[in-house]
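Spelled out from the first residue to the last, the chains are:
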Amino acid sequence: EPEVTQTPSHQVTQMGQEVILRCVPISNHLYFYWYRQILGQKVEFLVSFYNNEISEKSEIFDDQFSVERPDGSNFTLKIRSTKLEDSAMYFCASSVIRTYEQYFGPGTRLTVT
Amino acid sequence: DQQVKQNSPSLSVQEGRISILNCDYTNSMFDYFLWYKKYPAEGPTFLISISSIKDKNEDGRFTVFLNKSAKHLSLHIVPSQPGDSAVYFCAATQTGTASKLTFGTGTRLQVTL
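The text that follows walks through the structure, step by step, so that each part is easy to find. Note that the coordinates shown come from a computational prediction; the quantities given were computed from them, not determined experimentally.

### Comments concerning the interface of chain B and chain A
- Facing the 24 residues of chain B at the interface are 19 residues of chain A.
- Buried surface at the junction of chain B and chain A, summed over both partners, amounts to about 1,800 Å²; 63% is from carbon and sulfur atoms.
- There are 1 salt bridge connecting chain B and chain A.
- Across the salt bridge formed by B:Lys100 and A:Glu56, the nearest N and O atoms sit 3.6 Å from each other.
- On inspection of chain B and its partner chain A, the count reaches 4 residue pairs in polar contact (both at pLDDT 80 or more).
- At the level of elements, β4 (32-38) and β5 (45-51) of chain B are the ones that each hand at least two residues to the side of chain B that touches chain A.
- Among the elements that take part in the side of chain B that touches chain A, β4(B) stands out by supplying 4 residues, more than any other.

Following this line, the structure appears as structure tokens:
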């Protein structure tokens, strides 16, 4: 069964450093998303991406964040200058055009020290 | 901004019995609802969904009921199995291009022997 994959599974970085989180969505999916879950809190939407551009973004997704689909398979989330409060699980998800079921990857745990 | 609420943080049910997980929403623009299951250190796994034009959707042991007038939905699991022990998230979206999911805080279900 096709699945969303994410790398790395765990990333530790120092405050102020740039990080890139990588995702490979399911191959025939056209919509891509990033969500995050701070420990003990709910899963929060960050950004959606379709047709090589951002469709929607949340208030969390400020100028420090960017997304890119550099080739036909990868979807990346970049945080330019990490802050302590960026520590969270980051989930990538994808969906096909006509359904609303989003399929999530296993997540990347980002720890900012 | 609690547009989707799951008021029970945890639920314990005996194996073989029915598990009922509840979810309330406040945003009347939501017209599609989903349930996800999440194990520790994994991403949310899609379980079942329902459109606002229906009041019930069934898939095997899982049934979701939607009461639009009360802005309430529930997930029934019958019979409950130990492998069902996980955190269950209710999510809602407004259908349209690249619909973001708004998640509840989750209910931890424990199915005991």
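Next comes the rest of the account.
### Quick look at the pattern of salt bridges
Residues and elements named next belong to chain A.
- Overall, the coordinates contain 5 salt bridges over all chains when judged by the stated rule.
- For Lys83, the salt bridge identified is with Asp62, shortest N-O distance 4.0 Å. A residue pair is termed long-range when its members are at least 10 positions apart, and Lys83 in the loop between β8 (75-79) and β9 (88-95) and Asp62 in the loop between β6 (53-57) and β7 (65-68) qualify at 21 residues.

### Considerations on the side chain of A:Asp86
Residues and elements named next belong to chain A.
- Tracing the backbone shows Asp86 in the loop between β8 and β9.
- One buried charged residue, Asp86, remains without a salt bridge, the closest side chain of opposite sign being Arg36 at 4.1 Å.
- With residues near it in sequence (within four places) discarded, Asp86 still touches Arg36, Phe65, Ile79, Ser81, Leu110 and Val112.

### A short note on the sheet that holds strand β3 (residues 19-24) of chain A
Residue and element names in this part refer to chain A.
- Ordered in space as β1-β3-β8-β7, the 4 strands form an open sheet in which the pairing is antiparallel. The sheet terminates laterally at β1 (5-7) and β7, the two strands that pair on one side only. Here the strands of the sheet are splayed against their neighbours by 20° on average, with no regard to which way each runs.
- With 3 bridges connecting them, β1 and β3 associate as antiparallel partners. From the neighbouring strand, Thr7 faces β3, where its bridge partner is Arg22.

### Some words on the packing of aromatic side chains
Residues and elements named next belong to chain A.
- In the structure shown here, the tally under the stated rule is 19 aromatic pairs over all chains.
- Between Phe49 and Phe75, the aromatic rings sit 5.3 Å apart at their centres with planes inclined by 40°, giving tilted as the arrangement. A residue pair is termed long-range when its members are at least 10 positions apart, and Phe49 in strand β5 (residues 43-50) and Phe75 in strand β8 qualify at 26 residues.
- Classification of Phe49 as buried rests on a relative accessible area of 4%.
- The buried category is assigned to Phe75, whose relative accessible area is 0%.

### Structural notes on the environment of B:Ser80
Residues and elements named next belong to chain B.
- Its location among the elements puts Ser80 in the loop between β8 (72-77) and β9 (86-93).
- Expressed as a C-alpha distance, the spacing of Ser80 and Ser19, which sit 61 residues apart in the sequence, is 6.3 Å.
- The contact partners of Ser80, leaving out residues within four places of it in the chain, are Val13, Gln14, Glu15, Gly16, Arg17, Ile18, Ser19, Arg61 and Val111.
- In terms of polar contacts, Ser80 uses its side chain to reach the side chain of Ser19, at 2.6 Å.

### Quick notes on the sheet that holds strand β3 (residues 19-25) of chain B
Residues and elements named next belong to chain B.
- The 5 strands lie next to each other as β1-β3-β8-β7-β6, forming an open sheet whose pairing is antiparallel. Taken across any chain shown, the strands that pair with only one partner, and hence form the sheet edges, are β1 (4-5) and β6 (56-59).
- In this structure, strand β7 (residues 62-67) lies alongside β8, joined through 6 bridges in antiparallel fashion. When the sheet's bridge partners are listed, Phe62 is paired in β8 with Ile77.

So, how was this worked out
- Here the residue numbers are simple positions, counted from 1 along each chain's written sequence.
- Think of it this way: whatever chain is written first is A, whatever ligand is written first is 1, and the rest follow in order.
- In view of the model being predicted, local features appear only for residues whose pLDDT reaches at least 70, and side-chain atom pairs are presented and counted only at 80 or more, with totals across whole chains, interfaces and linings using the full set of residues.
- No hydrogens and no water enter the side-chain calculation; it runs on all heavy atoms of the structure.
- Any two residues having at least one pair of non-hydrogen atoms within 4.5 Å are treated as being in contact.
- Buried area, as used here, totals the accessible surface that two parts lose on assembly, with accessibility defined by a 1.4 Å probe and the loss added over both.
- Definition used for salt bridges: Asp or Glu carboxyl oxygen within 4 Å of a side-chain nitrogen of Lys or Arg.
- The term polar contact refers here to a pair of N or O atoms within 3.5 Å; inside protein, the definition further demands a hydrogen-donor-capable atom paired with an acceptor-capable atom, and it admits residues adjacent in sequence only when both atoms are side-chain atoms.
- Put simply, DSSP H or I for four residues or longer makes a helix, DSSP E for two residues or longer makes a strand, and each gets a number counted from the N terminus.
- Under the scheme applied here, a residue whose accessible area is under 20% of the maximum for its type counts as buried, over 50% as exposed, and between as partly exposed, the area being computed with a 1.4 Å probe on protein chains only.
- A residue counts as positive if it is Lys or Arg and as negative if it is Asp or Glu; His and the chain ends are not included.
- Strands were regarded as paired on the criterion that DSSP finds at least two bridges between them.
- Fitted lines through C-alpha atoms give the axes, limited to the stretch in contact for helices. The angle between two N-to-C directions lies from 0 to 180 degrees.
- Classification of ring pairs rests on two measures: the distance between centres of Phe, Tyr or Trp rings, Trp counted by its six-membered ring, which must be within 6.5 Å, and the angle between planes, read as stacked under 30 degrees, edge-to-face over 60 and tilted in between.

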